[in-house]
2 protein chains.
Amino acid sequence: MLDGTVITCSAPVNIAVIKYWGKRDDELILPVNSSLSVTLHQDQLKTTTTIACSRDFQEDRIWINGREEDINQSRLQSCLREMRRLARKRSGDGDPAHGVAGLSHKVHICSVNNFPTAAGLASSASGYACLVYTLSRLFGVEGELSAVARQGSGSACRSMYGGFVQWKIGERADGKDSLAEQVQPETHWPELRVLVLVVNAQRKHIGSTSGMQTSVKTSSLLKHRAECLVSGQMDKMMRAINTKDFSAFGELTMQDSNQFHATCLDTYPPIFYLSDVSRQIINLVHCYNHHYREIKVAYTFDAGPNAVIFTLQEHLPEFVQVVRYFFPPESNEEQFLKGLSVDSVPVSESLKAAIGMEPVANGISYIISTKVKVPGSSMWGLSGTLATGNLLFMGPFP
Amino acid sequence: MLDGTVITCSAPVNIAVIKYWGKRDDELILPVNSSLSVTLHQDQLKTTTTIACSRDFQEDRIWINGREEDINQSRLQSCLREMRRLARKRSGDGDPAHGVAGLSHKVHICSVNNFPTAAGLASSASGYACLVYTLSRLFGVEGELSAVARQGSGSACRSMYGGFVQWKIGERADGKDSLAEQVQPETHWPELRVLVLVVNAQRKHIGSTSGMQTSVKTSSLLKHRAECLVSGQMDKMMRAINTKDFSAFGELTMQDSNQFHATCLDTYPPIFYLSDVSRQIINLVHCYNHHYREIKVAYTFDAGPNAVIFTLQEHLPEFVQVVRYFFPPESNEEQFLKGLSVDSVPVSESLKAAIGMEPVANGISYIISTKVKVPGSSMWGLSGTLATGNLLFMGPFP
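All figures in this text were calculated on a predicted structure; none of them were measured in a lab.

Novice: When you look at the overall build of chain A in this model, what are you seeing that I'm missing?
Specialist: Counting secondary structure elements, chain A contains 9 helices and 17 strands. Summarising the internal contacts of chain A: among those between residues at least 6 apart in sequence, 78% fall at separations of at least 24.

Here's what the structure looks like:
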């Protein structure tokens, strides 16, 4: 690795369909149960990270979405430390082409998301996955990296793979077996589509880290879920994905989302992530599926009010119109649906009657339409001598 | 019992602090776990039932809140059948003073509540308890009656006693040991006070009977709660009541309410009884207690959005003003607080800041202030020959 190297990579967001909530080890970020997620397409949602390495840098620094942040934050330090350790191990293997020179250099890291933070989509997963992946390209580290990403943010380990990914709980206290692995590649289920319904920003909610700590401490229902229920739910979910059984996939997804939020309510003090609009979306989905006597659409909610909807491509046109009808946007209609385009199909009067809700004006800010994708396909690297000040988006240099 | 007897009795409402949710037998109404409640004062909340018995009546009939209802409804039939069976058993004991004449007569039943149905307070408990108690006075049946009331509506068995009452789950399949019994009389904790916060009527929610059936069928968390958690929670609750430990009583009450609602959310499809205002009340209570570093106030919610607040008399004046401040009534302020009067105490600015919520105009319709009381103290009976049409409130006679 030459001095002045600059590498840029991107990493995807993932949405858990079997939720991670609760740690058995706060330092190493080891979970109380396994989890399973779907990796989303980077065209619509991704983190892009550029890292420059130079002997001229006095210290490590990081800029996130244009603002310098504290590089000494412990999780950032965990990732940097672990990647440097792996890099040293690699150069310790004796390959003369790999000098240790770069390893003593400081790095400047610049990270941006192509989706707004206000969207409430967890950017820690894509953010830390990107950081770890970009460092691996910079330091020439190969092999298993999900364990490092995990130490930045638990769900980040799942963003190291595409398609359908599980994060196995692991049994070791040192966490070396608490890793992500791919269940199926994204080519497995091309008909699967995803809508992110961004709900109008409301009151600030409890952050995940502190929320799940309180849940682990106070919720007996969470303890039971983690010890006795998730394992079976993981098996059923993997079976549903492997057989592309959308009905089973959808039902399990909705049940797991509800169970996660149930454990939040069983926390003391209770945690409420679902807003009134979230509940109305849930009601809409159940009425919609009931009308067709079929699970055509499924919802899942993370630690916030936004809904992530899974469906099959054939159902998208009508369902998007249904959402638009019952959650009419306030204005600038063209901005209401972002991402992959969706055909328009009229909503029948019988369907409107079957759902029977009062339309909720301005309940949903906008929709992002996306799909499942493998990460790394838009990875690109730049190498070359660094000229101070040339790379404006890297922020100010000393 | 002479022909033409008319008896009038009243019975109280009770509020569960360890919730009943789920049956192991739908016919006999046997629960999946024990429950514990507080019986409320009849001056503010009660059902009054008058029963007339006459050889001239062609059939049993019932009027509830002024409207004739279907006497053949199975739970009404259970109560009538059981009480007549007990009455026959009694007269079969050979006491010559007790003829069986009255038993072959039909009854006309008239039942009214002194609280509006719109208040969302479960009137089935007070209603069936009153029916059973009044029938027992009419038929001269003594002894254990909670098992009969239970067959009308599960929670009705707890209204057969005053003060603090437990409904034991029972082990027998025939339900003969699934009974209510008093834990402490109402004289035990005279400082305990109750506020019912009647939230603005919103969308109709799922009825308890069908809701709990779906929960039993679909919620693993409910199964675990019933099998493993409630028993220990009951012990702790009884200990808190016996020692008048409000802090423990309050915390257990809030936790059990949240856990019950958590199992509703873990139901499929999920059941939401808490409204946005309910959640804001929960938040208010936690902020209020946090400000004082003490559990001064506790909430519990049944299968609807209304809050029942428990507190000690000394905290009432300030807390009522806090509720009024953060949930300002729309108009007719005098009607905002009903029931027992409460002194007025100003709310300090630091307390308002500590709670830090935006006031929610018109979130709460009104407050009922009440306390714990023993039932039966306002029981009164009338005997005499029935003149057709004399008793207007009995509804039309043939």
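Novice: Any chance you could explain the relation of the copies chain A and chain B here in plain terms?
Specialist: Of the transformation superimposing chain A on chain B, the axial component is 0.0 Å and the angular component is 180 degrees, with the fit at an RMSD of 0.0 Å. Both chain copies can therefore be described as sitting about a two-fold axis. Looking at the rotation axis and the C-alpha trace of chain A, the residue lying nearest is A:Ala262, at 2.1 Å.

Novice: Sorry if this is basic, but what is going on with the pattern of salt bridges here?
Specialist: Between side chains of opposite charge, a pair can form as their charged atoms come close. Following the criterion strictly, the structure yields 26 salt bridges over all chains and no others. The closest approach of N and O atoms between A:Asp276 and B:Arg279, which form a salt bridge, is 3.9 Å. Here the residue A:Asp276 occupies a position in helix 7 (residues 276-292), and B:Arg279 occupies one in helix 7 (residues 276-292), the pair thus bridging two chains. When its relative accessible area of 24% is taken as the criterion, A:Asp276 is described as partly exposed.

Novice: It is not clear to me how the packing of helix 6 (residues 246-265) of chain A against helix 6 (residues 246-265) of chain B should be interpreted in this structure. Could you clarify?
Specialist: The geometry of a pair of packed helices is captured by two quantities: the angle between their axes and the separation between those axes. Put simply, helix 6 of chain A and helix 6 of chain B touch, their axes get as near as 8 Å, and they point 175 degrees apart. If you check the angle between helix 6 of chain A and helix 6 of chain B, you find them roughly antiparallel. In this structure, helix 6 of chain A uses A:Asn258, A:His261, A:Ala262 and A:Leu265 to contact helix 6 of chain B, whose residues at the interface are B:Asn258, B:His261, B:Ala262 and B:Leu265. Across the contact of helix 6 of chain A with helix 6 of chain B, the residue classes break down as 4 nonpolar, 4 polar and no charged.

Novice: Explain the interface of chain A and chain B here, please?
Specialist: Interface size is commonly expressed as the accessible area that is lost once the parts come together. Each side of the interface is counted separately: chain A has 26 residues, and chain B has 26 residues. Across the interface of chain A and chain B, roughly 2400 Å² is buried in total on both sides, 67% from carbon and sulfur atoms. Its largest share of buried area at the contact with chain B, chain A owes to A:Leu221, A:Tyr268 and A:Arg279, together 28% of the area lost on that side. The tally of links from chain A across to chain B stands at 2 salt bridges. For the pair chain A and chain B, the number of links is 3 residue pairs in polar contact (both at pLDDT 80 or more).

Novice: Can you walk me through empty space enclosed by the protein in this structure?
Specialist: Gaps left between atoms are located by rolling a probe of water-molecule size over the structure's atoms. For the structure on display, the rule yields 1 cavity of 30 Å³ or more. The space that makes up the largest cavity amounts to roughly 180 Å³. A:Leu265, A:Phe272, B:Leu265, B:Phe272 and B:Arg279 are, among the 15 residues lining the largest cavity, the residues nearest its centre. Contributing elements (two or more residues each) for the lining of the largest cavity: helix 6 of chain A together with helix 6 of chain B.

Novice: Please clarify how the environment of A:Val165 should be interpreted in this entry.
Specialist: Residue and element names in this part refer to chain A. Position of Val165 among the secondary structure elements: in strand 10 (residues 164-167). Judged by relative accessible area, Val165 falls into the buried class, the value being 0%. Taking the C-alpha atoms as reference points, Val165 and Val38, 127 residues apart in sequence, are found 6.4 Å from one another. For Val165, the contacting residues outside a window of four places in its chain are Ser35, Leu36, Ser37, Thr39, Arg158, Ala180, Glu181, Gln182 and Val183.

Novice: Explain the sheet that holds strand 13 (residues 297-301) of chain B to me, please; I cannot follow it from the model alone.
Specialist: Across a sheet, paired strands are connected by hydrogen bonds in the backbone, their directions being either parallel or antiparallel. All names here are of chain B. Taken together, 5 strands build an open sheet; the order of strands is 13-14-12-16-15 and the sheet is mixed. Each edge of the open sheet is held by one strand with a lone partner, namely strand 13 and strand 15 (337-339). Averaged over neighbouring strand pairs, the angle between their axes works out to 25 degrees when direction is ignored. Here strand 15 runs beside strand 16 (residues 364-371); their pairing, made up of 3 bridges, is parallel. In the strand pairing of strand 16, Leu337 is matched with Ile367. Running at roughly 25 degrees to strand 13, helix 6 makes contact with strand 12 (192-199), strand 13 and strand 14 (307-312) of the sheet.

Thresholds applied
- Residues numbered from 1 in each chain as written.
- Chains lettered and ligands numbered in written order.
- Predicted model: local features only at pLDDT ≥ 70, side-chain atom pairs only at ≥ 80, totals over all residues.
- Heavy atoms only, no water.
- Helix = DSSP H or I, 4+ residues; strand = E, 2+ residues; numbered from the N terminus.
- Contact = heavy atoms within 4.5 Å.
- Least-squares fit on C-alpha atoms with pLDDT ≥ 70 in both.
- Salt bridge = Lys/Arg side-chain N within 4 Å of Asp/Glu carboxyl O.
- Buried < 20%, exposed > 50% of the residue type's maximum accessible area, 1.4 Å probe, protein only.
- Axes fitted to C-alpha atoms, helices over the stretch in contact; angles between N-to-C directions.
- Parallel < 35°, antiparallel > 145°, perpendicular 65-115°, else oblique.
- Nonpolar A, V, L, I, M, F, W, Y, C, P; charged D, E, K, R; others polar.
- Buried area = accessible area lost by both parts, 1.4 Å probe.
- Polar contact = N/O pair within 3.5 Å; in protein donor to acceptor, adjacent residues only side chain to side chain.
- 1 Å grid on protein atoms, 1.4 Å probe; cavity = no way out; pocket = protein on both sides within 12 Å on 5 of 7 lines; lining within 4 Å.
- Points joined across faces, edges and corners; volume = space filled by probe spheres on them.
- Pairing = 2+ DSSP bridges.

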